[in-house]
Amino acid sequence: MLLKMPQKLLKTAHYIELGSYQHWPVLIPHRIRLYTYEQIPLFLKENPYITDGYRAHLPSKLCLKSIFMLSNETVNIWSHLLGFLLFFSLGVNDLSSVLPASGANREDYVIYAIGLFCFQVCMLCSVGYHMFSCHRSEKTCRRWLALDYAGISVGILGCYVPGIFYAFYCNAFWRQAYLLTVLSLILAVFSAQVHPRYLSNDWKLVRMTIFCCVAGVGVIPACHWVWLNGGFTSDVVQLFLPRVIVMYLIAGSAFLFYVTKIPERYFPGHVNFLGASHQLWHILVVGMFYWWHQTAVYIMRFRHSQPCPGQSSGSSSS
Ligand SMILES: [Zn+2]
């Protein structure tokens, strides 16, 4: 008890010294200025090849305001804000004209709504992180970063749901088995993200491995689908496999830019505002989601025009 008292007093004194303010720096800036890599707080130091154009130490209001000025996050914010608007418009267009014109049933509407909702959530989480990564509180930045990672998982889920649903349209057992597996996998990733060390630099490799596994595991249902449809020579496989391959090529190149930090690695300081690897990753993610959405429209139309074997209409069977 005697030992605890001075500690308590010390703690109170510490707060008084900081003006009862828990976040450092105590002074709140009233205008936005940009910092170099050397000037930013340690928790923002992730990419030494981006040498300038950092926002930092800002309160929420100025973080929001900063999206209208040029910084090294401007392209990151706007690419996914426009991506959100794109998938929102696609959602409105799908539900009001594309699906009714294709003779879609209730299941199609649900699958499209889930897929596009996941893409929009992914976009918004990313916008939120890049907007508030300049917040003066490290805790707030970390929370937004966690949400950004969660958003990527949701985006991957948005790719899997329509993909599996239409690939196994005529096989209800495998369709449900794969959908449940993917859902469990995404839930497992969410649980891992709750771990306090998940966002630490020591776990960078673990984070990369988890995302590669979650995205790469899609190869299993893809191979199974090829086998169920009679191999590479079958008409359906030849029609849709190139689309799946293009999807993985876009995803692979996006991930490559993200991990290798190319091109800024070779031109440090020259692509601070435009052309950095994270911006390329953002644009490729939007392109990948759009490509997959168009593939889902294509395969849905195919399924409604070609009934499942042994059925007179294009509804699912076991
Ligand atoms: Zn990002």
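Residues numbered from 1 in each chain as written. Predicted model: local features only at pLDDT ≥ 70, side-chain atom pairs only at ≥ 80, totals over all residues.

Within an unreviewed UniProt entry, the label attached to the protein chain reads (Atlantic silverside) hypothetical protein, and the organism entered is Menidia menidia. What the UniProt record of the protein chain gives under Subcellular location (unreviewed entry) is the line "Membrane". On record in UniProt, under Sequence similarities (unreviewed entry), the comment for the protein chain is "Belongs to the ADIPOR family." (UniProt positions renumbered as here; feature names shortened; annotations may be inferred.)

Trainee: Whenever I open this one, the overall build of the protein chain confuses me. Can you help?
Mentor: A tally of helices and strands in the protein chain yields 10 helices and 0 strands. Start at the N end of the protein chain and walk to the C end: the helices and strands fall as α-α-α-α-α-α-α-α-α-α. (Helix = DSSP H or I, 4+ residues; strand = E, 2+ residues; numbered from the N terminus.)

Trainee: Got a minute to help me understand the UniProt feature "transmembrane region" (unreviewed entry) in the protein chain in this structure?
Mentor: The positions UniProt marks with the feature "transmembrane region" (unreviewed entry) are residues 67–89, 109–132, 144–169, 175–193, 205–228, 240–259 and 271–292. From the first C-alpha to the last, residues 240–259 spans 29 Å; its make-up is 100% helix and 0% strand. End C-alpha to end C-alpha, residues 271–292 measures 29 Å, and it is 73% helix and 0% strand.

Trainee: Would you take a moment to explain the packing of helix α5 (residues 138–167) against helix α10 (residues 277–305) for this structure?
Mentor: In helix packing, the relevant descriptors are the interaxial angle and the interaxial distance, both defined with respect to the helix axes. Relative orientation of the contacting elements α5 and α10 amounts to 15°, with a least axis distance of 10 Å. As far as their axial angle goes, α10 and α5 are roughly parallel. Both α5 and α10 take part in a crossing whose hand is left-handed. Contacts between α5 and α10 involve G155, C159, P162 and Y166 from the former and F289, W292, A296, I299, M300 and R303 from the latter. By residue class, the composition of the contact of α5 with α10 is 8 nonpolar, 1 polar and 1 charged. (Axes fitted to C-alpha atoms, helices over the stretch in contact; angles between N-to-C directions. Parallel < 35°, antiparallel > 145°, perpendicular 65-115°, else oblique. Left-handed = near helix turned anticlockwise from the far one by under 90°. Contact = placed C-beta atoms within 7 Å. Nonpolar A, V, L, I, M, F, W, Y, C, P; charged D, E, K, R; others polar.)

Trainee: I would appreciate a short explanation of the UniProt feature "binding site: Zn(2+)" (unreviewed entry) in the protein chain in the present structure.
Mentor: The residues that UniProt annotates with the feature "binding site: Zn(2+)" (unreviewed entry) are H130, H278 and H282. A compact arrangement is adopted by the annotated residues: their sequence extent is 153 residues, whereas the largest C-alpha distance between any two is 11.2 Å. For H278, the location among the structural elements is in helix α10. Of the residues examined, H278 has 20 C-beta atoms within 10 Å and is grouped as buried. For H282, the position within the fold is in helix α10. If sequence neighbours within four positions are ignored, H282 has contacts with N76, S79 and H80. (Buried ≥ 20, exposed ≤ 12 C-beta atoms within 10 Å, placed from the backbone.)

Trainee: What is the right way to look at the packing of helix α3 (residues 74–101) against α10 in this model?
Mentor: For the pair α3 and α10, interaxial distance at closest approach is 9 Å and the crossing angle is 10°. What the angle tells us is that α3 and α10 run roughly parallel. Of the residues in α10, those touching α3 at V75, N76, S79, H80, G83, L86, F87, L90 and V98 are H278, Q279, H282, I283, V286, F289, Y290, H293 and V297. Of the residues that constitute the contact of α3 with α10, the class distribution is 10 nonpolar, 8 polar and no charged.

Trainee: Hey, could you run me through the confidence of the model for the protein chain in this one?
Mentor: Note: predicted coordinates in regions of low pLDDT should not be interpreted at a detailed level. Looking at the protein chain as a whole, the pLDDT averages 87, with 88% of positions reaching at least 70. Across residues 12–26, where pLDDT falls below 50, the model places 7 contacts with residues more than four positions away in sequence or in other chains. Low pLDDT, under 50, characterises residues 313–318; the stretch is placed with 17 contacts to residues that sit more than four places away or in other chains. (pLDDT = per-residue confidence, 0-100.)

Trainee: Explain the environment of Y248 here, please?
Mentor: Inspection of the secondary structure assignment puts Y248 in helix α9 (residues 235–260). The class for Y248 is partly exposed, based on 15 C-beta atoms found within 10 Å. For the pair Y248 and G218, spaced 30 residues apart in sequence, the C-alpha to C-alpha distance is 9.6 Å.

Trainee: I would appreciate a short explanation of the environment of I111 in the present structure.
Mentor: Mapping I111 onto the fold places it in helix α4 (residues 106–132). Apart from the residues lying within four places of it in its own chain, the contact partners of I111 are V161, P162 and F165.

Trainee: It is not clear to me how the environment of Y169 should be interpreted in this structure. Could you clarify?
Mentor: Secondary-structure assignment places Y169 in the loop between α5 and α6 (172–194). Owing to 21 C-beta atoms within 10 Å, Y169 belongs among the buried residues under this scheme.

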